[in-house]
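Take a look at the letters that make up each chain.
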Amino acid sequence: MKTIASTDHVLHFPKAELSGGELVRPYECPERWDYIVEALANSGFSAPQAPTPLDMATVEKVHGDDYLRFLAQAWSLWEAEGYQGEALPMAVPNRRMQQREPENINGKLGYFAGATETAITATTWQAVQSSAACAQTAARLLGTSETSAFALCRPPGHHAGFDLYGGYCFLNNAAIAAQQLRDAGASKVAILDVDFHHGNGTQDIFYERNDVLFVSLHGNPGHAFPYFLGYADETGKNEGEGYNINYPMLPGTRYSVWSDALTDALDRIDQYFPDALVVSLGVDTFERDPISFFKLTSDDFTRYGNAIGKRKHPTLFVMEGGYAVEEIGINTRNVLQGFLNA
Ligand code: OKP
Ligand code: ZN
């Protein structure tokens, strides 16, 4: 299995994340990438390949024009105000408020924010585009020479909606990969999101579409980020009705329960007969993850990689979360090895 990864990921590393009322070193940090590259190298995976530059035409089919213009301009507008810190949203449009993009950068940040912990720096946009390019390049491989691939994306993408950033995400890498597969001739693509957090951005993007099935296993939003989406009664809208499936699970969930949801999810995916499967791969379901509440062990990652592999879909893994940094490499490798050994 080939890995596509970009060293540009280091260009996104804010000094701070807003967490528990403090500005802390971000959980989503550059060493995450290093640990994964190291674990794959130690297990005989081929060295990562750099992506080709991002083709924005694909991105424009899953994100709004106003939003993409905002991401490209955010830092220069922030800098022009003379601010010394990193760009964080503060005021956000809420119930009974106007949904209009303001002129001022603070207004724009709030308007496009789906959450307020994630900072933008001078070089964030470059890192974000290279991360998306990894997903797109890996999707191109899957459409041609390969039956599986791994896009080692950083920053992650599944919280990025049509016109929303936050939860460490800016461009939705998995959505871009799915769209790329569609444009290359796949008539149906399934996305399986196994990150601990609900893929609210991916759900948002494909909610009214039936050419992309979205299936997510995650912490119950009544108890876990992103809090405002991810319930089981969210099943899609219009053409997309029936093509969105959520499996919210409670604090303390172990593999015995999680794997039943996975089996059900994989059955639903098989019944859809997709031409390709995109896996939003977050390993923050790990028992020692610092910000999550599922209880999967490192061996469980091998088990579920194997279960996914047994379904024999052309499969693209796209990296999402995982914050137990020293174990992120082993856990990610275990999923991919379990998959390959199926
Ligand atoms: C991104 B992905 C930590 C709270 C964190 C944001 C979580 C984003 C997770 N104090 N809230 O889905 O792994
Ligand atoms: Zn996550």
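Please read all numbers here as calculations on a predicted model, not as lab measurements. (Residues numbered from 1 in each chain as written. Chains lettered and ligands numbered in written order. Predicted model: local features only at pLDDT ≥ 70, side-chain atom pairs only at ≥ 80, totals over all residues. Heavy atoms only, no water.)

Visitor: Explain the site of ligand 1 to me, please; I cannot follow it from the model alone.
Guide: Neighbouring ligand 1 are 15 residues, the closest being Ser19, His158, His159, Asp284 and Tyr323. Taking His158, its side chain carries an N or O atom lying 2.5 Å from an oxygen atom of ligand 1. Between His159 and ligand 1, the recorded distance is 2.7 Å, taken from a side-chain N or O atom to an oxygen atom. If ligand 1 stood free it would expose 410 Å²; the protein chains cover 87% of that surface. Under a 2 Å grid-point criterion requiring more than half of the atoms, the pocket assigned to ligand 1 is the second largest pocket. In terms of residue class, the shell around ligand 1 is made up of five nonpolar, six polar and four charged. (Near = heavy atom within 4 Å. Polar contact = N/O pair within 3.5 Å; in protein donor to acceptor, adjacent residues only side chain to side chain. Areas by Shrake-Rupley, 256 points an atom, 1.4 Å probe, with all protein chains shown as cover. 1 Å grid on protein atoms, 1.4 Å probe; cavity = no way out; pocket = protein on both sides within 12 Å on 5 of 7 lines; lining within 4 Å. Sits in = over half its atoms within 2 Å of the grid points. Nonpolar A, V, L, I, M, F, W, Y, C, P; charged D, E, K, R; others polar.)

Visitor: Looking at this structure, I do not really get empty space enclosed by the protein. What am I missing?
Guide: The probe, sized like a water molecule, is rolled over the atoms to show the empty space still left. In this structure the tally under the stated criterion is two cavities of 30 Å³ or more. Counted as a void, the largest cavity has a volume near 70 Å³. Lining the largest cavity are His12, Pro14, Ala16, Glu17, Pro26, Glu28, Glu117, Thr118, Ala119 and Tyr168. Considering only residue class, the lining of the largest cavity consists of five nonpolar, two polar and three charged. Taken together, Leu71, Ile120, Thr124, Trp125, Val128 and Phe170 make up the lining of the second largest cavity. A total of three residues in the lining of the second largest cavity trace back to one element, the largest contributor, which is helix α5 (residues 124-143). (Points joined across faces, edges and corners; volume = space filled by probe spheres on them. Helix = DSSP H or I, 4+ residues; strand = E, 2+ residues; numbered from the N terminus.)

Visitor: What is the right way to look at the nonpolar core in this model?
Guide: Soluble globular proteins tend to bury their nonpolar side chains together. By size, the foremost hydrophobic cluster in this structure holds 50 residues, and its most contacted members are Phe70, Tyr165, Leu171, Val278 and Leu316. Here this core takes 10 residues from α5, the largest share from any one element. Membership of the second largest hydrophobic core comes to 44 residues, among which are Leu217, Trp258, Ala265 and Leu281. (Core = buried A, V, L, I, M, F, W, Y, C linked by side-chain atoms within 4.5 Å. Buried < 20%, exposed > 50% of the residue type's maximum accessible area, 1.4 Å probe, protein only.)

Visitor: Please clarify how the layout of surface pockets should be interpreted in this entry.
Guide: Estimates place the volume of the largest pocket at around 780 Å³. Lining of the largest pocket is provided by 26 residues; of these, Ala113, Gly114, Ala115, Leu164 and Phe228 occupy positions nearest its centre. Elements with a minimum of two residues in the lining of the largest pocket: α4 (105-111) and α7 (200-206). Looking at which element gives the most residues to the lining of the largest pocket, the answer is α7, with three residues. Each pocket or cavity is described by its volume, and for the second largest pocket that value is around 400 Å³. Lining the second largest pocket are 24 residues, and of these Glu17, Glu117, Tyr168, Phe225 and Ile291 lie nearest its centre.

Visitor: Hey, could you run me through the sheet that holds strand β1 (residues 2-4) in this one?
Guide: Pairing between the strands of a sheet comes from backbone hydrogen bonds, and it takes one of two forms, parallel or antiparallel. Sheet architecture is open: seven strands sit in the order β1-β4-β9-β8-β5-β6-β7, paired in parallel fashion. Each of the sheet's edge strands pairs with one partner strand only, and the pair in question is β1 and β7 (244-249). With strand direction ignored, the average angle separating the axes of adjacent strands in the sheet is 15 degrees. With four bridges connecting them, strand β4 (residues 148-151) and strand β9 (residues 315-319) associate as parallel partners. Directly across from Ala149, in β9, lies its bridge partner Leu316. With respect to the sheet, helix α8 (residues 255-272) is in contact with β5 (189-193), β6 (212-219), β7 and β8 (276-281), its orientation differing from that of β6 by roughly 175 degrees. (Pairing = 2+ DSSP bridges. Axes fitted to C-alpha atoms, helices over the stretch in contact; angles between N-to-C directions. Contact = heavy atoms within 4.5 Å.)

Visitor: In this structure, what is going on with the packing of helix α9 (residues 298-309) against helix α10 (residues 325-340)? I would like to understand it.
Guide: In a packed pair of helices, the relevant descriptors are the angle between the two axes and the axis-to-axis distance. At their nearest, the axes of α9 and α10 sit 6 Å apart, and the two run at 35 degrees to each other. Handedness of the crossing formed by α9 with α10: right-handed. Contact residues: α9 offers Ser298, Asp299, Phe301, Thr302, Tyr304, Gly305, Asn306, Ile308 and Gly309, while α10 offers Asn331, Asn334, Val335, Gly338 and Phe339. (Left-handed = near helix turned anticlockwise from the far one by under 90°.)

Visitor: Just to check I follow, could you spell out the environment of Trp125 for this structure?
Guide: Secondary-structure assignment places Trp125 in helix α5. For the pair formed by Trp125 and Ala74, sequence separation is 51 residues and the distance between their alpha carbons is 8.9 Å. Setting aside residues no more than four positions away along its own chain, Trp125 makes contact with Met56, Leu68, Leu71, Ala72 and Leu171.

Visitor: For this particular structure, what's the right way to read the coordination of the zinc ion (ligand 2)?
Guide: Each donor-metal-donor angle would ideally measure 109.5 degrees in four-coordinate tetrahedral geometry, or 90 or 180 degrees in six-coordinate octahedral geometry. Around the zinc ion (ligand 2), the protein contributes the donor atoms Asp195 (OD), Asp195 (OD), His197 (ND1) and Asp284 (OD), which lie 1.9 to 2.7 Å from the metal centre. Every donor counted, the six donor atoms about the zinc ion (ligand 2) form angles of 53 to 159 degrees at the centre, which fits irregular coordination. Positions of the donor residues of the zinc ion (ligand 2) along the chain correspond to the pattern D-x1-H-x86-D. Just as Asp195 is buried, His197 falls in that class too. (Donors = N, O, S within 2.8 Å, 3.2 Å for Na, K, Ca; no water. Tetrahedral: all angles 85-135°; square planar, octahedral: opposite > 155°, others 65-115°.)

Visitor: Just to check I follow, could you spell out unusual backbone geometry for this structure?
Guide: That bond from Arg154 to Pro155 is cis: its omega, 0 degrees, falls within 30 degrees of zero. Take Pro155: it is sitting in the loop between β4 and α6 (173-183). Following Phe225, the chain continues to Pro226 via a peptide bond in cis, the omega torsion being 5 degrees. In this structure, Pro226 sits in the loop between β6 and β7. A positive phi angle, close to 70 degrees, is found at Arg96, a residue other than glycine. With respect to the helices and strands, Arg96 occurs in the loop between α3 (65-80) and α4. Residue Arg96 is classed as exposed on the basis of its relative accessible area, which comes to 80%.

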